[in-house]
Amino acid sequence: MSTFHTRSLALLEAGPDAVARPSQWLADHRDLVRARVAEHGAVLVRGLGLTDRAAAATAIHAVVGRPMTEREGFAPREVYGEGMYSSSQWPADQPMCMHNELSYATDFPGLMAFACLVAPAVGGVTAVADTRAVLADLPADLVARFESIGWRLTRTYNPLVGVPWQDAFGTCDRAVVERYCEQHALTYAWDSDGGLRTSQLRAAVVHHPVTGERCWFNQIAFLNEWTMARDVREFLTLEFGPEGLPFNTFYGDGEPLDRTTVDLINDVYEAHTLREPWQPGDLMVVDNVRMAHSREPYRGERKIVVGLGGAVRVEECRPTVLPAAG
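Residues numbered from 1 in each chain as written. Predicted model: local features only at pLDDT ≥ 70, side-chain atom pairs only at ≥ 80, totals over all residues. Heavy atoms only, no water.

Caption draft 1: Up close: helix H5 (residues 140-149). By the burial criterion, the buried members of H5 are Leu142, Val143 and Phe146. The buried residues of H5 occupy an angular sector of 95 degrees when the element is viewed end-on, so they sit on one face. The outward face of H5, more than 90 degrees from its buried face, is lined by the exposed residues Ala140, Asp141 and Ser148. For H5, the secondary structure elements touched by its buried residues are helix H4 (131-137), strand S10 (151-157), strand S14 (214-216), strand S15 (247-251) and helix H9 (259-271). One or two positions beyond H5, positive phi appears at glycine 150, with a value near 75 degrees. (Buried < 20%, exposed > 50% of the residue type's maximum accessible area, 1.4 Å probe, protein only. Helix = DSSP H or I, 4+ residues; strand = E, 2+ residues; numbered from the N terminus. Arc of directions from axis to C-beta. Contact = heavy atoms within 4.5 Å.)

Caption draft 2: Molecular detail of the pattern of salt bridges. Across all of its chains, the model carries 18 salt bridges by this definition. When the shortest N-O distance is used, the salt bridge between arginine 77 and glutamate 70 registers 3.2 Å. Residues arginine 77 and glutamate 70 agree in their burial class; the two are buried. Taking the shortest distance from any N to any O, the salt bridge between arginine 230 and glutamate 234 comes out at 2.9 Å. (Salt bridge = Lys/Arg side-chain N within 4 Å of Asp/Glu carboxyl O.)

Caption draft 3: Here's a closer look at the environment of aspartate 31. As for its position among the elements, aspartate 31 is in helix H2 (residues 30-40). The spatial distance from the C-alpha of aspartate 31 to the C-alpha of threonine 156 is 42 Å, given a sequence separation of 125 residues.

Caption draft 4: Quick peek at the sheet that holds strand S9 (residues 126-130). With antiparallel pairing, four strands are arranged side by side in an open sheet as S6-S18-S9-S16. Either end of the sheet is taken by a strand with one partner, and the two such strands are strand S6 (96-99) and strand S16 (273-274). (Pairing = 2+ DSSP bridges.)

Caption draft 5: Representation of the side chain of serine 103. For serine 103, the location among the structural elements is in the loop between S6 and strand S7 (107-118). Dropping the residues within four chain positions of it, serine 103 is found in contact with Trp151, Phe217, Asn218 and Gln219.

Caption draft 6: A look at the nonpolar core. Ranked by internal contacts, the top residues of the largest apolar core, which has 66 residues, are Phe108, Phe114, Phe146, Trp216, Ile220, Ile265 and Tyr269. Formed by 27 residues, the second largest nonpolar core is a distinct cluster that contains Ala10, Val45, Leu48 and Ala59. (Core = buried A, V, L, I, M, F, W, Y, C linked by side-chain atoms within 4.5 Å.)

Caption draft 7: Broad picture of the environment of aspartate 130. The residue aspartate 130 is located in strand S9 in this model. The class of aspartate 130 is buried, set by a relative accessible area of 15%. Linking aspartate 130 and alanine 10, residues 120 residues apart in sequence, is a C-alpha distance of 13 Å. Those residues in contact with aspartate 130 that sit more than four places away from it in its chain are His272, Arg290 and Met291.

Caption draft 8: Structural detail: the pairing of S10. Counting buried positions over the seven residues of S10 gives six, a clear majority of the element. By the bridge criterion, five bridges tie S10 to S15 in an arrangement that is antiparallel. Considered in S15, the bridge of threonine 154 is made with asparagine 248.

Caption draft 9: Main features of the packing of aromatic side chains. Under the defined criterion, the tally for this structure stands at ten aromatic pairs. On the numbers, 6.4 Å between centres and 80 degrees between planes, the contact of phenylalanine 74 with phenylalanine 247 is edge-to-face. Linking phenylalanine 74 in the loop between helix H3 (53-64) and strand S4 (79-81) with phenylalanine 247 in strand S15, this pair joins segments that are 173 residues apart in sequence. Neither residue differs from the other here; phenylalanine 74 and phenylalanine 247 are each classed as buried. These aromatic residues form a ring-pair network of at least three members: Phe74, Trp90, Phe222 and Phe247. Directly above the aromatic system of tyrosine 80 lies the positively charged group of arginine 53, at a separation of 3.9 Å from the ring centroid. (Phe/Tyr/Trp six-rings, centres within 6.5 Å; stacked < 30°, edge-to-face > 60°. Lys NZ or Arg CZ within 6 Å of the ring centre and 35° of its normal.)

Caption draft 10: Broad picture of the confidence of the model for the protein. Confidence in the prediction for the protein averages 93 pLDDT; 98% of positions are at 70 or higher. The low-confidence segment residues 1-6, where pLDDT is below 50, has 20 contacts with residues more than four positions distant or belonging to other chains. (pLDDT = per-residue confidence, 0-100.)

Caption draft 11: Inspection of unusual backbone geometry at higher detail. Positive phi is not limited to glycine here, since glutamate 72 has a value of about 70 degrees. Residue glutamate 72 is classed as buried on the basis of its relative accessible area of 0%. Positioned with a positive phi, alanine 185 is a non-glycine residue whose angle comes to about 60 degrees. A residue is classified by how much of its surface remains accessible, and alanine 185, at 18% relative accessible area, is buried.

Caption draft 12: Here's a closer look at the packing of H2 against H3. Remark: H2 packs on H3, axes separated minimally by 9 Å, with the N-to-C direction vectors making an angle of 70 degrees. Comparing their axes, H3 and H2 come out roughly perpendicular. Residues Arg30, Val33 and Arg34 of H2 form the contact with H3, whose participating residues are Ala62, Val63 and Val64. Grouping the constituent residues of the contact of H2 with H3 by class yields four nonpolar, no polar and two charged. (Axes fitted to C-alpha atoms, helices over the stretch in contact; angles between N-to-C directions. Parallel < 35°, antiparallel > 145°, perpendicular 65-115°, else oblique. Nonpolar A, V, L, I, M, F, W, Y, C, P; charged D, E, K, R; others polar.)

Right under this line is the structure:
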């Protein structure tokens, strides 16, 4: 067993004995894997030989611990069990830009794990970027503004595009959804056709719950209209109107973001992006506060199992702006 770095991404070789019993190897070496994550923000464990969903789920549970159920998901997933999902169903030719998972929720995973069962022929990397470094490289005036007023996320759930509200909130009962929104600082409004609109104010900068370091923790750029492919944005705007997009982001005071600002944020992410192509059987464990992650375009079959764990309440991260309804 050895640890080395590839483009500064920590890579841990599991060794030949791990293939026969990968989950047992991970249970035996959990402290080591967690230590590498604490040191580097993310670690790629190679040589586990994970080949099926059940083995991947058991291996992930061995590392992330108590699973966490996703709520308010922004893209469809298959559910494989408590805290266990397929990767988000997103067009293969479109990137999923850098983001921290569920950074708009009041409860989010502290740890994530990605298990590769089938690696794509081309692309499809799950890349990561250190949010401390991203924060340090963003313009100081932009950071100060977001620290002061936060960011706002608006969402429109409709049956034609995106995630139906029934899937996002795990219920078909409107009263349950309304109670969730009230408890988690979301405004909500029902459309006459049964759709749902929500808005929420969140912090763009938080402190790491363990180290106390300031981290750029949000989905401001990814869920903004300017990150959408032009033809997709134009179609959705024509079909549903500018206020009916499945999601969009703003400054905390409601002022729209311009394309230059969104591109700037994505460019800074890119400057700090670490990539390692998937190999079948790989497992990547990520600190979801310290590291943002993305999914790059790909060709060919790609099967990734995703696990969420180590639930964190936003108050534990001393957000610069407290959660509030939009």
